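For reference, the chains in residue letters:
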Amino acid sequence: MKVLVTVKEVAEVEEDFELDGLSVADQYLDYDLNEWDEYAVEEAVQIAEESDDDVEVVAVTIGPERSEETIRMALAKGVDRAVRVWDDALDGVDLLDVGAKTRLLSAVVEDEDPDLVLTGVQANDDSFGATGVSLASAIGFEWAAVVNALDLDAEGGVANVRRELEGGVEELTEVDLPAVLTIQTGINEPRYASLRGIRQAQSKEIKPLALSDLGLDAAAVESDLVLTDVYEPETESDATYFEGDAGEQAADLATVLREKGVGAQ
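Residues numbered from 1 in each chain as written. Predicted model: local features only at pLDDT ≥ 70, side-chain atom pairs only at ≥ 80, totals over all residues. Heavy atoms only, no water.

Colleague: What am I meant to see in the layout of surface pockets here?
Modeller: Gaps between atoms show up when a probe of the same size as a water molecule is rolled over them. Of the pockets and cavities examined, the largest pocket occupies roughly 1,500 Å³. Taken together, 46 residues form the lining of the largest pocket, with Lys8, Glu9, Asp94, Leu95 and Asp125 sitting closest to its centre. Those elements that place two or more of their residues in the lining of the largest pocket are β2 (9–13), β4 (23–24), β5 (29–33), β6 (56–62), α3 (88–91), α4 (98–112), β8 (116–120) and α5 (131–139). In terms of residue count, the dominant contributor to the lining of the largest pocket is β2 (four residues). Class assignment of the residues belonging to the lining of the largest pocket gives a composition of 22 nonpolar, 14 polar and 10 charged. (1 Å grid on protein atoms, 1.4 Å probe; cavity = no way out; pocket = protein on both sides within 12 Å on 5 of 7 lines; lining within 4 Å. Points joined across faces, edges and corners; volume = space filled by probe spheres on them. Helix = DSSP H or I, 4+ residues; strand = E, 2+ residues; numbered from the N terminus. Nonpolar A, V, L, I, M, F, W, Y, C, P; charged D, E, K, R; others polar.)

Colleague: What's the story with the sheet that holds strand β1 (residues 2–6) in this structure? I'm lost.
Modeller: Sheet strands line up and pair through hydrogen bonds in the backbone, either parallel or antiparallel. The strand order across the open sheet built from nine strands is β11-β10-β9-β12-β8-β1-β6-β7-β13, with neighbouring strands paired in mixed fashion. The sheet is open, and its two borders are formed by β11 (170–176) and β13 (206–209), each paired with just one other strand. Pairs of neighbouring strands in the sheet enclose a mean axial angle of 35°, with direction left out of account. With five bridges joining them, β6 and strand β7 (residues 81–85) adopt parallel strand pairing. By the bridge assignment for β7, valine 60 is matched with valine 83. Sheet strands in contact with α4 are β1, β6, β7 and β8, and its direction is about 150° off that of β6. (Pairing = 2+ DSSP bridges. Axes fitted to C-alpha atoms, helices over the stretch in contact; angles between N-to-C directions. Contact = heavy atoms within 4.5 Å.)

Colleague: Where do I start with the pairing of β6 in this structure?
Modeller: In terms of burial, β6 is a largely internal element, five of the seven residues being buried. Bridging between β1 and β6 involves five bridges; their strand directions are parallel. Note on β6: the bridge partner recorded for valine 5 is alanine 59. (Buried < 20%, exposed > 50% of the residue type's maximum accessible area, 1.4 Å probe, protein only.)

Colleague: How do you make sense of the pattern of salt bridges when you look at a structure like this?
Modeller: A pair can form between side chains of opposite charge whenever their charged atoms are brought close. All told, the structure shown has 13 salt bridges when counted by the stated rule. Between lysine 101 and aspartate 126 there is a salt bridge; the shortest N-O distance is 3.1 Å. Taken together, the positions of lysine 101 in helix α4 and aspartate 126 in the loop between β8 and α5 put the pair 25 residues apart, joining distant regions of the chain. Here lysine 101 falls in the buried class, since its relative accessible area comes to 12%. Among the residues examined, aspartate 126 registers a relative accessible area of 17% and is labelled buried. Among the charged side chains, a network of salt bridges with common partners joins Lys2, Glu56, Arg81 and Glu112. (Salt bridge = Lys/Arg side-chain N within 4 Å of Asp/Glu carboxyl O.)

Colleague: In this structure, what is going on with a negative patch on the surface? I would like to understand it.
Modeller: A cluster of acidic residues, Asp52, Asp53, Asp54, Asp80, Glu142, Asp151, Asp153, Glu155, Glu174 and Asp176, forms a negative patch on the protein surface. Among the secondary structure elements, those contributing two or more residues to the negative patch are β9 (142–153) and β11. With three residues, β9 is the largest single contributor of residues to the negative patch. Inspection of the secondary structure assignment puts aspartate 52 in the loop between α1 (35–50) and β6. (Patch = residues over 30% accessible without salt bridge, like charges linked within 9 Å, V, L, I, M, F, W, Y side chains within 5 Å. Areas by Shrake-Rupley, 256 points an atom, 1.4 Å probe, with all protein chains shown as cover. Lys, Arg positive; Asp, Glu negative; His and termini not counted. Charge placed at Lys NZ, Arg CZ, Asp CG, Glu CD.)

Colleague: Looking at this structure, I do not really get the packing of aromatic side chains. What am I missing?
Modeller: Remark: the centre distance and the inter-plane angle together describe each pair of aromatic rings, the angle taken between the planes. Applying the stated criterion to the full structure yields zero aromatic pairs. The aromatic ring of tyrosine 31 is capped on one face by arginine 66, whose charged end is 4.0 Å from the ring centroid. (Phe/Tyr/Trp six-rings, centres within 6.5 Å; stacked < 30°, edge-to-face > 60°. Lys NZ or Arg CZ within 6 Å of the ring centre and 35° of its normal.)

Colleague: Would you take a moment to explain helix α7 (residues 246–259) for this structure?
Modeller: With 14 residues, α7 ought to run about 20 Å at 1.5 Å a step, and its terminal C-alpha atoms sit 20 Å apart, in line with that. Regarding α7, its N-cap is aspartate 245, as a side-chain oxygen of that residue lies 3.1 Å from the backbone nitrogen of glycine 247 further along. Of the residues trailing α7, glycine 261 is marked for its positive phi of about 80°. (Expected span 1.5 Å × (residues − 1). Polar contact = N/O pair within 3.5 Å; in protein donor to acceptor, adjacent residues only side chain to side chain.)

Colleague: Is there a simple way to think about a nonpolar patch on the surface in this case?
Modeller: Residues Met73, Leu195 and Ile198 make up a contiguous nonpolar surface patch of about 270 Å² in total accessible area. Along the chain, the position of methionine 73 falls in helix α2 (residues 68–76). By relative accessible area, which is 34% here, methionine 73 ends up partly exposed.

Okay, structure coming up:
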């Protein structure tokens with residue numbers, strides 16, 4: 001059995017930063033694995049650990065060579081190998097839309113032929129939450145979104161899932177394999193990478209694939225999204241920070257409240 005997990009490197013912005021054109025300047029960015037994808041990785045690794053059969057867990061990401069450092073954290077947590085899709089045609093794309101991601105990931109699914117595809121519900125950076133379902137539609141797999149509990153019956157060819165609906169309602173349903181499931185946070189407790197896992201991850205394969213390797217061309221990454229402007233929103237109110245110990249802070253706060261008429265008769 002093969003489980004394919006889509007993972008994404010996302011940028012985290014420092015509290016104080018500067019803009020460089022249409023993005024945050026590189027020196028103010030740190031990179032990490034997308035939060036929702038961590039839960040998807042953990043779920044895939046648990047499936048492999050709990051199964052009596054041979055289960056291969058493969059991670060796939062769309063990202064430049066820099067992202068391999070982040071992807072190795074997934075390998076360190078038990079993923080067997082990874083695929084990284086990147087091409088010169090992607091360098092000039094400001095923001096990949098769901099359609100472009102779907103085309104790239106569909107080609108990887110065709111190449112890998114997995115029994116189960118796990119994705120995170122959404123991404124930290126662009127907050128898109130449609131890629132998993134869009135991928136399922138494109139490849140003809142059954143799907144379930146916002147899954148917060150999973151019991152896989154590989155022999156029976158079904159996944160028994162519990163998924164969140166709006167208004168706090170939950171649904172219990174069976175999904176026939178092969179399937180795409182989008183994984184919600186809280187479904188499990190993602191593990192920390194052990195020192196042994198980190199060392200082993202250095203020798204695990206991260207296979208780079210260009211568009212041509214997937215039978216695609218530059219048209220596959222054309223996006224309907226165009227980034228036109230990036231700016232810091234104006235502050236609508238000011239904050240006052242009081243120095244000193246608790247007594248001094250309380251006295252200063254009382255003075256400000258009196259000046260503003262709070263508590264006045």
